[in-house]
Amino acid sequence: MKSLRYRVDAGIAWLTLDNPPLNALSHALRQALIQGLDRAQADAKVRVIVIKGNERAFSSGADIKEFAGDTFYADPFLPALVDAVEASRKPVIAAISGACMGGGLELALGCHYRVALADSKIAFPEVKLGLIPGAGGTQRFPRLVGLETALNLIVSGGTVPASLLKGTALFDVIASESLDDAVRKFAAKLASQACPVRRVRDLPVRHPQAEAFLQFAKTSVAAVARGLAAPLRALEAVGASMSSFDAGMALESRIFTELMASAESQALRHAFFAERAAGKIPGLSDKTPQRKIAQVAVVGAGTMGGGIAMSFANAGFPVTVLEAKQEALDRGMAGIRKVYEGAVAKGKLKAEDAAKRGRLITPSLDYRAAGKADLVIEAVFEDLEVKKAVFRELDQVAKKGTILATNTSTLDVDAIAGFTKRPGDVLGLHFFSPANVMRLLEVVRAKKTRPDVLATAMSLAKRIGKTAVVSGVCDGFIGNRMLDPYAQQALLMLEEGATPQEVDRAIEGFGFAMGPFRMSDLAGNDISWHIRQRHYAENPKLRHMRVADRVCELGRYGQKTGLGWYRYEPGKRDALPDPLVDQILDEERRALKITARKISTAEIVDRLLYALVNEGARILEEGIAQRASDIDVVYLTGYGFPVQKGGPMFHASRVGLGQVLRRMREFAANPHAEPESWKPARLIVQLAAAGRGFDDAPAKETRPKKTPAKKTKGKRRG
Ligand SMILES: NC(=O)c1ccc[n+]([C@@H]2O[C@H](COP(=O)([O-])OP(=O)(O)OC[C@H]3O[C@@H](n4cnc5c(N)ncnc54)[C@H](O)[C@@H]3O)[C@@H](O)[C@H]2O)c1
């Protein structure tokens, strides 16, 4: 039987799932399981049936590749399979090892008994895809672990070891060594009993104050669900387990079907697949050789260097931190200590783990200390001359085969590679601030970066818990380059009549974590001011954004000065409207001879989003990003784009690129529009004409092109 091995031994039918790597419950596997079950029922020699997986997984759940087609619902549909297992006349034992998640856990709940290895991973991750368990999980799980535990796990999507659920009725045996032996022993006990079939559906769900508890849970879940539907719907389904099993199952099935068709779940599923796809690089494969990375060095112990060093130490890598001056080194190391102490004080990290991580970071002023490193990451000032000196030095001290990376935000990685005699070993690793927290890592592939260097960087990113996206070389790479036109639209709308709070509220209403003005106040308005000043100097024809300049000229740098686009009360972070900003806006509008108009929420949202999308499309055309979904990953993991919208490119494709194009043309007709801003990318025009979305565009190999990165001094930005 494909996907399943069947063997009878001493009265036990062993049905071993064989769909590597994680025994996803594909249609073929579901069919094979039903056949195996029937065969065991018919075999008089079989007294007990065991369903087991492999070391890595009993089963990780539904095969989500099937979500897009018809096979997901094909007979036997997972709920029917679970029911068939439960209906077996002969006792069925789930032998659980590794991941037992989602549909896999539901299959185990359909079994009459469960024997698990203590470290098996138990979870219902469906909410993370905007779904709820749909094969009886919301009804059977509370019958075994109780209402509260079931709710916690199903609503959070979190993973726990089997050992944590000891004491509930979920597991009949928790084994610490040989799973097969434990199963054999348990099966022998069952075979000696008269009525060994026990169906979970027949058990009651008990809770002393179910109604009050569910009401309380609803308030708490709503507060943390961030507008997502699935957690509250999961609560509704689990709550229904208090009524009859059949009524609960009917509700679960209805909610599952509704969510499956929802835009939110489609976006979350897109995000899931997009992250997986980002790891695939055209031209590279699993066979591309990789370099061994055991020892890391970071040059520069500033904001980024410290965070980068911690990212590696947190993953167990010894890291040497190099600085130019003792004072800067001391400051950097003190910053690192402060972060670890803070984590311990908040109870997020054990003191001994903090100490262990701290010990992995060694400060040094001597470049020769980088000689042993397999990877060196430079995070010094954003100035090409400074970087040149650093890379010349690194070229001298680094051993053969060491990967040399730069964390530059804007400088030309090809030029930086050219400072060494080994440009093939150089690439960009663009971390985001705070580097020890932010998940995104842009891996910048320069012209001469060798495939094994790129492949090593991608798998290293995984080891330090980052989501890596490959970018070609250009000014700002993927994320920051798209942010420029977005910020420009935000400022233009202020000139035309909007207030900072209207702009922020509109895009936060769309789901962004923070609007552009609150974000700028947080990051420091002076950073973008310096960037604009450089732009003005480089391009005398450039339109001056006087509104933003004036705010900075008044020293209103944002939260750090207590005043910015908003005002802040001492010690607080609430952004309060400030009449002085309104006055500046009025004066500037008068100077520009603009009569302020009310800008609708829809216009604010579309202008901000389509500015991102248009630049994203150019980035795709130029081959800076490999695929549209990579751009989505950048915005979802690094820029607070709402996950339920799937990222800017996915969102635009769902709206329809024809509609996006029409809106862009409307915006271009605005007398105050910047002529270049709304020139649509060729790719949008082509795809819109063909009635297609970005997701239809094929993946491309990244290549450095057109928009050159800065040759000398870069912009100091994240
Ligand atoms: N701050 C951000 O949000 C952010 C985000 C991504 C990337 N970046 C990039 O990371 C790099 C560092 O930025 P930062 O914000 O950490 O700057 P920073 O000013 O906080 O730190 C730079 C550090 O480099 C040290 N340094 C300077 N020259 C040196 C040399 N020759 N050898 C050793 N150390 C030297 C300085 O003493 C300083 O401690 C820049 O290229 C920047 O563009 C910054």
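Scope of this entry: the structure provided in the associated data block. (Residues numbered from 1 in each chain as written. Predicted model: local features only at pLDDT ≥ 70, side-chain atom pairs only at ≥ 80, totals over all residues. Heavy atoms only, no water.)

## Some points on the overall build of the chain
Counted only if it meets this: Strands are runs of DSSP state E lasting at least 2 residues, helices are runs of H or I lasting at least 4, and numbering of each runs from the N terminus. Restricting the calculation to C-alpha atoms gives the radius of gyration, and the globule rule supplies 2.2 Å times the number of residues raised to the power 0.38. Buried means the residue's accessible area, taken with a 1.4 Å probe over protein chains only, is under 20% of the maximum for its type, while exposed means over 50%, and partly exposed covers the values in between. Residues count as neighbours in contact if any of their non-hydrogen atoms are within 4.5 Å of one another. To measure how exposed things are, a 1.4 Å probe is used in the Shrake-Rupley method; for residues, cover is taken only from the protein chains shown. Charged-residue counts in this description rest on Lys and Arg as positive and Asp and Glu as negative, His and the chain ends being excluded. Taken as the charge location is NZ of Lys, CZ of Arg, CG of Asp or CD of Glu.
A tally of regular secondary structure across the chain gives 27 helices and 20 strands. In terms of overall dimensions, the chain is globule-like: its C-alpha atoms have a radius of gyration of 29 Å, near the 27 Å expected for 718 residues. With the C-alpha coordinates aligned to their principal axes, the bounding extent of the chain is approximately 90 × 60 × 55 Å. Relative to its 718 residues, the chain shows a buried fraction of 57%. For the chain, contacts bridging at least 24 residues in sequence account for 75% of all contacts bridging at least 6. When the accessible area of the chain is evaluated, it comes to approximately 31,000 Å², of which 54% is carbon and sulfur surface. In the chain, 102 side chains carry a positive charge and 79 a negative one; their mean positions are 3 Å apart.

## Some thoughts on helix 19 (residues 516–523)
For clarity, the threshold we go by: By definition, the arc is the one covered by directions from the helix axis to the C-beta atoms.
Taken as a whole, helix 19 has its buried residues at P516, F517, S520 and D521. The buried residues of helix 19 occupy an angular sector of 135° when the element is viewed end-on, so they sit on one face. Downstream of helix 19 by one or two residues, G524 has phi in the positive range, about 110°.

## Some words on the packing of aromatic side chains
The condition is simple: Two rings from Phe, Tyr or Trp (for Trp, the six-membered ring) form a pair when their centres are within 6.5 Å of each other. A pair whose planes differ by under 30 degrees is stacked, one over 60 is edge-to-face, and the rest are tilted. In this scheme, the term charge over a ring applies when either NZ of a lysine or CZ of an arginine sits within 6 Å of the ring centre and within 35 degrees of the ring normal.
Going through the model one piece at a time under the given rule, you end up with 18 aromatic pairs. Aromatic pair F72 and Y73: ring centres 5.0 Å apart, planes at 80°, arrangement edge-to-face. Relative to F77, the ring of Y73 has its centre 5.1 Å away and its plane inclined at 50°; by these criteria the two rings are tilted. The exposure class of F77 is partly exposed, given its relative accessible area of 25%. Positioned above the aromatic ring of F510, the side-chain terminus of K645 is 4.7 Å from the ring centre.

## Considering the side chain of S26
Mapped onto the elements of the fold, S26 is located in the loop between strand 3 (24–25) and helix 1 (27–42). Residues contacting S26, with those up to four places away along its chain left out, are N19, D63 and E66.

## So, the packing of helix 17 (residues 479–496) against helix 24 (residues 628–638)
Note the cut-off: Whenever a helix is involved, its axis is fitted only over the stretch in contact; in every case the axis is a line through C-alpha atoms, and angles between N-to-C directions fall within 0 to 180 degrees. Throughout, the term roughly parallel applies to angles under 35 degrees, roughly antiparallel to angles over 145, roughly perpendicular to angles from 65 to 115, and oblique to all others. Residues are grouped as follows: Ala, Val, Leu, Ile, Met, Phe, Trp, Tyr, Cys and Pro are nonpolar; Asp, Glu, Lys and Arg are charged; all remaining types, including Gly, are polar.
Close contact between helix 17 and helix 24 brings their axes to 10 Å; oriented N to C, the two are set at 75°. Taken together, helix 17 and helix 24 sit at an angle that is classed as roughly perpendicular. Within the contact between the two elements, helix 17 uses G479, M482 and L483 and helix 24 uses I631, V634 and Y635. Looking at the contact of helix 17 with helix 24 residue by residue, the class counts come to five nonpolar, one polar and no charged.

## Overview of the site of the ligand
The test is simple: If a single non-hydrogen atom of a residue is within 4 Å of a molecule or strand, that residue counts as near it. Two N or O atoms count as a polar contact when they lie within 3.5 Å, although within protein this holds only if one can serve as hydrogen donor and the other as acceptor, and sequence-adjacent residues are included solely when both atoms are side-chain atoms.
Around the ligand, a shell composed of 27 residues is seen, among which M304, E323, E382, K387 and N407 lie nearest. Between a nitrogen atom of the ligand and a main-chain N or O atom of A324, the distance comes to 3.5 Å. Contact distances for the ligand include 2.6 Å between an oxygen atom and a side-chain N or O atom of K387. When the free accessible area of the ligand is taken as 830 Å², the share hidden by the protein chains comes to 86%. Here the shell around the ligand gets three residues from one element, more than from any other, and that element is helix 14 (residues 384–397).

## Topic: the sheet that holds strand 7 (residues 92–96)
Note the following rule: By the convention used here, strands pair only if DSSP detects at least 2 bridges between them.
One open sheet holds the six strands; their spatial order is 1-2-4-7-9-12, and the pairing between them is mixed. Each having just a single partner strand, strand 1 (4–9) and strand 12 (173–175) make up the two edges of the open sheet. Adjacent strand axes in the sheet meet at a mean angle of 20° when their direction is disregarded. In this sheet, strand 12 lies alongside strand 9 (residues 113–117) in parallel orientation, the contact comprising three bridges.

## Examining the pattern of salt bridges
Note the cut-off: Take a side-chain nitrogen of Lys or Arg and a carboxyl oxygen of Asp or Glu: if they are within 4 Å of each other, that pair is a salt bridge.
Here the structure, examined in full by the defined rule, presents 49 salt bridges. Measuring nitrogen to oxygen at the nearest pair gives 2.9 Å for the salt bridge that ties R184 to D181. With a gap of three residues between them, R184 and D181 both fall in helix 6 (residues 179–191), about one helical turn apart. For D181, a relative accessible area of 45% translates into the label partly exposed. In this structure, R331 and E327 form a salt bridge, with 3.7 Å as the shortest nitrogen-oxygen distance. Taken as a pair, R331 and E327 lie in helix 12 (residues 326–345) at a separation of four residues, close to a single helical turn. Accessibility assignment for this pair places R331 and E327 in one class, exposed. Salt bridges linked by common partners bring D83, E86, R140, R201 and D246 together as one network.

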